[in-house]
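# Architecture at a glance
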Amino acid sequence: MKKELLAPAGDLEAGYAALYYGADAVYLGLKQFSARANAQNFDEAELNEFVGYAHALKRKVFVTINTVVQQGELDDLVKNLDVCCRANVDAVIVQDLGVARVVKKYYPKLELHASTQMAVHNKEGAEALKNLGFTRVVLAREMTLPEIKEIADNVDVELEVFVHGALCYCYSGICQFSSIMGGRSANRGKCQYPCRAWFDKEGKQEHCFSMKDLALGEDVLKLPVYSLKIEGRKKNALYVAAVVDYYRNILDGKGAVEQKAQNIKQIFSRPWCTFHLQGKNKNVTDTKFVGHRGLPIGKIEEIKNNSIVITISHKIAKHDGIQIDVDGKEKPYGFSVQKIKVGLRQKLMAEPGEKVEIFLPQKVEGLKKGNTVYLASASEVKGGYNYTKPKPREYLQRLKINVKVTVKPNKAEAFSCGQKAEVTGKFDKALDINKTEEAIRKAFSKTGETNFELAELTVENPEKRFVPVSLLNDLRRRLYEQIVPTEHKTIIDTTEIRRYAAEPKWCVKTDNEACLTMLDKEKIAEFTILIDEDSRIEDIIKLPKDKVRIALPAICRKVKNLEPVISKLLRLGYRKWEIANYWGFDVLPHDGIDISFDNLIYMFNTQAMAAAKEIGASRVTLAVEDTLSNIKNLAMEAPLEVAMVVYQDVPLFTSAVCIRENSCKECDHKAMWMELVKDNITYQALSKNCETKVFAENAFAAAKQAAEVKVDWLRADFCYKKYTPTQVKNIVEQLMKSENPANCISGNLARKNEMF
């Protein structure tokens, strides 16, 4: 299978570098709706020319519209999709179900790629998205090679896999840490990277969640997928060039050239890993340091007053950047080399194998023998990745327009794209009508610096009048100044707006039925039970069957292990189900089942809600991380039933990375809790069955805010943490009074919209 090498471009220069060094396709973001909102990203003019250049090289360009979109942003979404169409991009990469619906309905020529933000981690999820119209699925980074092969063997859809770059601790798309605790949502491209922060863990400070970088090297040749994706839209052109060059060599059969790998490490690199590709791997976090480290070139052998002595494994030169691991410091100590000695001689450059004395700009506390020294930047590498690029406007793609010109005895008019221009004068009979029509064509063919070109010209001149060239040019200028190429469409209501309930009904969700025993079951309209492969069905059937909804987990790496529980509950007649990830659609029967969406299938706009209704959902749940103003609007305009979570221990992280320090062979995989502290805030981590979830110490509560929202259902969740029946009873009674329990957090419901 020929593989596509897909490179990132955070700006135009990175895009040109990617194409020069052999990328088959480039993905990039616009100024809005990009999961890398802090990258420079592309404006319309840059996108237009870049796509034109890429297509001339027979390469592809994909645009990331991979954030969730709030209701008030739908008009801007359409404008951005217009830009994509005008630029003839090959596909859009999407997270939001509402964005997908708009693309399918209004922009059918754009291919839909399912972003890794949709957390597809099994063949059932890939199949579900294929059925929803996606032509490509970007798989979750956490997957193993056998899992990837299973999807490739069973689902007829293009697959894309990340092969190099930064890793998130949490499954992409379901991280809520930055948003709930800091007001900056990863799902909106504004992550504050809490995973890179210090945490106090059992009395010692660690970067518990700071991931190493992914680097698959020649393992990419084992991947049975179409597209190999490099992460890095916040990296510069030099980095993109070096990484693309490295993998291009591998794909072209030249192998993983060590020098090229070393170049990458000198430009930007955390320590490398292959994550879980070869199976569960615990050596994937870098708990002592964060950020760029560089290429390891030796360890300190001697410390003098203002210098260190090491035997280097790679050449270094004056002005190269050096970093040194220093215990107790969050980041390595870095400086620019100003003086090097080999023996008694001062040198501008030292060769591999030489014992070198490197002089420090200042005395560094904590420096020890054995500390690793890194080459963090090298002038030689910085100048080693030149690339060519086209001249400005050389590959500008012009929109083809049709023009109609009418000539009357005292007036000439021109029409195009809904615009009209005119000039007046006394127009006599033409001596040669053919020359007149040729003059009109020549005048209107001059589109100059505009972004369009003449496609078809219609001339209506029944009396065969002559118009001077100067007036024709004036007429053309007047018309073309008015034309703004656009394909903007107004999104009309997609379905009839529902009538919301006068009084919302109450739902209680739990993974432990025993905590429900003291509730007044007459006041609760529905009990949602979160199941896993160990769920006790005999406990579930004790609840009133007509009030029970069965909830599937968001992450399920081995669906076959859960299928016996699902099958038994279906045989027992349970017909109400809740899904938190798209894989649930493929597992559950299509007929006779009432499916609701949990809050992790994000509903930030009515387009997403309409899509949910069209694919069979009876109810959706508002996102826990949304803002109060947006959810109030959504609840009023929703085309189907809406639930709002008013109490929940929000999983801030859900990770395939184990937080335990023991080896996998020693682990019983049972639930284990530990406390972590950051900025005097306590967090609780749950490790169970090779999965880690992180929670705030205090639950999220929104009963007070919910009083302002017209919803059909209010939901209180008691999952993951242990609750007694008395605690559940007291909390639910308080929530029913529109009161939030003490010390709870309210996420973005209590924050300004612009912070989100």
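For the structure itself, consult the block above.
Since we're looking at a predicted model, the values are computed, not measured.

### Observations regarding the overall build of the chain
When helices and strands are counted, the chain shows 19 helices and 40 strands. Whereas a compact globule of 756 residues would reach a radius of gyration of roughly 27 Å, the chain reaches 30 Å, a difference of no more than 12%. Projected onto its principal axes, the C-alpha coordinates of the chain cover approximately 100 × 90 × 45 Å. Taking the contacts inside the chain whose residues are at least 6 apart along the sequence as the reference set, 70% of them involve residues at least 24 apart. Accessible surface for the chain amounts to roughly 31800 Å². Of this, 47% is attributable to carbon and sulfur atoms. A gap of 3 Å separates the mean positions of the 111 positive and 100 negative side-chain charges of the chain.

### Quick look at the nonpolar core
Counting 231 residues, the largest nonpolar core has Leu-223, Ile-531 and Phe-597 as the members making the most contacts within it. Looking at this core, the element that brings in the most residues is helix 8 (residues 237-251), giving twelve residues. The contact partners of Ile-531, leaving out residues within four places of it in the chain, are Ile-540, Ile-550, Ala-551, Leu-552, Pro-553, Leu-562, Val-565, Ile-566, Leu-569 and Trp-577. Counting 21 residues, the second-largest nonpolar core is a separate cluster that includes Val-407, Phe-427, Leu-472 and Ile-483.

### Thoughts on the packing of aromatic side chains
Counted under the stated rule, the structure contains 26 aromatic pairs. Measuring from ring centre to ring centre gives 5.0 Å for Phe-177 and Tyr-683, while their planes differ by 40°; the resulting arrangement is tilted. One end of the pair, Phe-177, is in helix 7 (residues 177-182); the other, Tyr-683, is in strand 37 (residues 681-688), and 506 residues separate them in sequence. We note that Phe-177, like Tyr-683, is buried. The aromatic ring of Phe-359 is capped on one face by Lys-339, whose charged end is 4.3 Å from the ring centroid.

### Comments concerning the sheet that holds strand 24 (residues 399-408)
Read across the sheet, four strands follow the order 26-25-24-27 without closing on themselves; strand pairing throughout is mixed. With partners counted over all chains shown, the strands left at the sheet margins are strand 26 (419-424) and strand 27 (452-460), one partner each. Between one strand axis and the next, the sheet turns through 20° on average, direction left out of account. For strand 25 (residues 411-416) and strand 26, the ladder comprises six bridges, and the chain directions are antiparallel. Counterpart to Lys-411 in the pairing with strand 26 is Thr-424. Of the strands in this sheet, strand 24, strand 25, strand 26 and strand 27 touch helix 12 (residues 469-482), which is tilted by about 155° from strand 26.

### Notes on the environment of Gln-734
Structurally, the position occupied by Gln-734 is in helix 19 (residues 725-735). Once the C-alpha coordinates of Gln-734 and Ala-703 are considered, the two residues, 31 residues apart in sequence, prove to be 8.8 Å apart. If near-sequence neighbours (up to four positions away) are discounted, Gln-734 is found in contact with Glu-739, Asn-740 and Pro-741.

### Regarding the packing of helix 1 (residues 12-20) against helix 8
Axis separation between helix 1 and helix 8 bottoms out at 8 Å; the angle between their running directions is 20°. In terms of their interaxial angle, helix 1 and helix 8 are classed as roughly parallel. The handedness of the crossing between helix 1 and helix 8 comes out as right-handed. On helix 8, the residues that touch Glu-13, Ala-14, Ala-17 and Ala-18 of helix 1 are Ala-237, Val-240, Ala-241 and Val-244.

### What to know about the environment of Ile-440
When you line up the elements, Ile-440 lands in helix 11 (residues 433-445). You can call Ile-440 buried: its relative accessible area is 0%. For the pair Ile-440 and Thr-458, spaced 18 residues apart in the sequence, the C-alpha separation amounts to 9.9 Å. Among residues more than four places away in sequence, those in contact with Ile-440 are Val-405, Val-407, Leu-457, Val-459 and Leu-472.

### Focus on the pairing of strand 40 (residues 713-718)
Burial within strand 40 is extensive, with six of its six residues counted as buried. Of the two faces of strand 40, the one holding Trp-713, Arg-715 and Asp-717 and the one holding Leu-714, Ala-716 and Phe-718 are both buried throughout. Alignment of strand 28 (residues 505-510) against strand 40, held across six bridges, turns out to be parallel. Looking at strand 40, one finds that Lys-509 is bridged to Asp-717. Note: strand 34 (residues 641-648) against strand 40, four bridges, orientation parallel. The partner of Tyr-647 across the bridge, within strand 40, is Ala-716.

### Considering the pairing of strand 28
Within strand 28, five of the six residues are buried, which leaves it mostly tucked inside the rest of the structure. The sheet contact formed by strand 28 and strand 29 (residues 526-530) spans four bridges and is parallel. Counted as the bridge partner of Thr-510 is Ile-529 from strand 29.

### Points about the state of the cysteines
Scanning the entire structure with this criterion turns up zero disulfides. Free of any disulfide, Cys-85 has its nearest cysteine sulfur in Cys-84, 7.0 Å distant. We note that Cys-719 lacks a disulfide partner, and the nearest cysteine sulfur, in Cys-515, lies 8.3 Å from it.

### Points about the sheet that holds strand 9 (residues 204-206)
If you trace the six strands from one edge of the open sheet to the other, you get 9-8-36-37-38-35, paired in antiparallel fashion. Two strands in the sheet have a free side with no partner beyond their single neighbour: strand 9 and strand 35 (653-655). Across the sheet, the axes of successive neighbouring strands diverge by a mean angle of 30°, strand direction being ignored. Of the strand pairs in this sheet, strand 36 (residues 672-678) and strand 37 are connected by seven bridges, and their pairing is antiparallel. Note on strand 37: the bridge partner recorded for Met-672 is Ser-687.

### Quick notes on the pattern of salt bridges
Within the structure shown, the criterion is met by 58 salt bridges. Lys-389 is paired through a salt bridge with Glu-13; the nearest N and O atoms lie 2.6 Å apart. Taken as a pair, Lys-389 in the loop between helix 10 (379-382) and strand 24 and Glu-13 in helix 1 lie far apart in primary sequence, 376 residues in all. Overall, Lys-389 belongs to the partly exposed group, its relative accessible area being 44%. A salt bridge links Glu-124 to Lys-123; the shortest N-O distance between them is 3.0 Å. Assessed through its relative accessible area of 26%, Lys-123 is described here as partly exposed. Each of Glu-526, Arg-549, Lys-576, Asp-594, Arg-619 and Glu-641 takes part in one network of salt bridges that share partners.

### Focus: helix 11
The first and last C-alpha atoms of helix 11 sit 18 Å apart over 13 residues, in line with the 18 Å expected at 1.5 Å per residue. Where helix 11 is concerned, the buried positions are Ile-433, Thr-436, Ile-440, Ala-443 and Phe-444. Considered in projection along helix 11, the buried side chains sweep an arc of 90° and stay on one side of the axis. Structural note: helix 11 exposes Asn-434, Lys-435 and Lys-442 on the side pointing more than 90 degrees away from its buried face. Packing partners of the buried residues in helix 11 comprise strand 24, strand 25, strand 27 and helix 12. Of the residues flanking the start of helix 11, the one acting as N-cap is Asp-432, its side-chain oxygen 3.0 Å from the backbone nitrogen of Asn-434.

Conventions adopted
- Residues numbered from 1 in each chain as written.
- Predicted model: local features only at pLDDT ≥ 70, side-chain atom pairs only at ≥ 80, totals over all residues.
- Heavy atoms only, no water.
- Helix = DSSP H or I, 4+ residues; strand = E, 2+ residues; numbered from the N terminus.
- Rg over C-alpha atoms; globule rule 2.2 N^0.38 Å.
- Contact = heavy atoms within 4.5 Å.
- Areas by Shrake-Rupley, 256 points an atom, 1.4 Å probe, with all protein chains shown as cover.
- Lys, Arg positive; Asp, Glu negative; His and termini not counted.
- Charge placed at Lys NZ, Arg CZ, Asp CG, Glu CD.
- Core = buried A, V, L, I, M, F, W, Y, C linked by side-chain atoms within 4.5 Å.
- Buried < 20%, exposed > 50% of the residue type's maximum accessible area, 1.4 Å probe, protein only.
- Phe/Tyr/Trp six-rings, centres within 6.5 Å; stacked < 30°, edge-to-face > 60°.
- Lys NZ or Arg CZ within 6 Å of the ring centre and 35° of its normal.
- Pairing = 2+ DSSP bridges.
- Axes fitted to C-alpha atoms, helices over the stretch in contact; angles between N-to-C directions.
- Parallel < 35°, antiparallel > 145°, perpendicular 65-115°, else oblique.
- Left-handed = near helix turned anticlockwise from the far one by under 90°.
- Disulfide = S-S within 2.5 Å.
- Salt bridge = Lys/Arg side-chain N within 4 Å of Asp/Glu carboxyl O.
- Expected span 1.5 Å × (residues − 1).
- Arc of directions from axis to C-beta.
- Polar contact = N/O pair within 3.5 Å; in protein donor to acceptor, adjacent residues only side chain to side chain.

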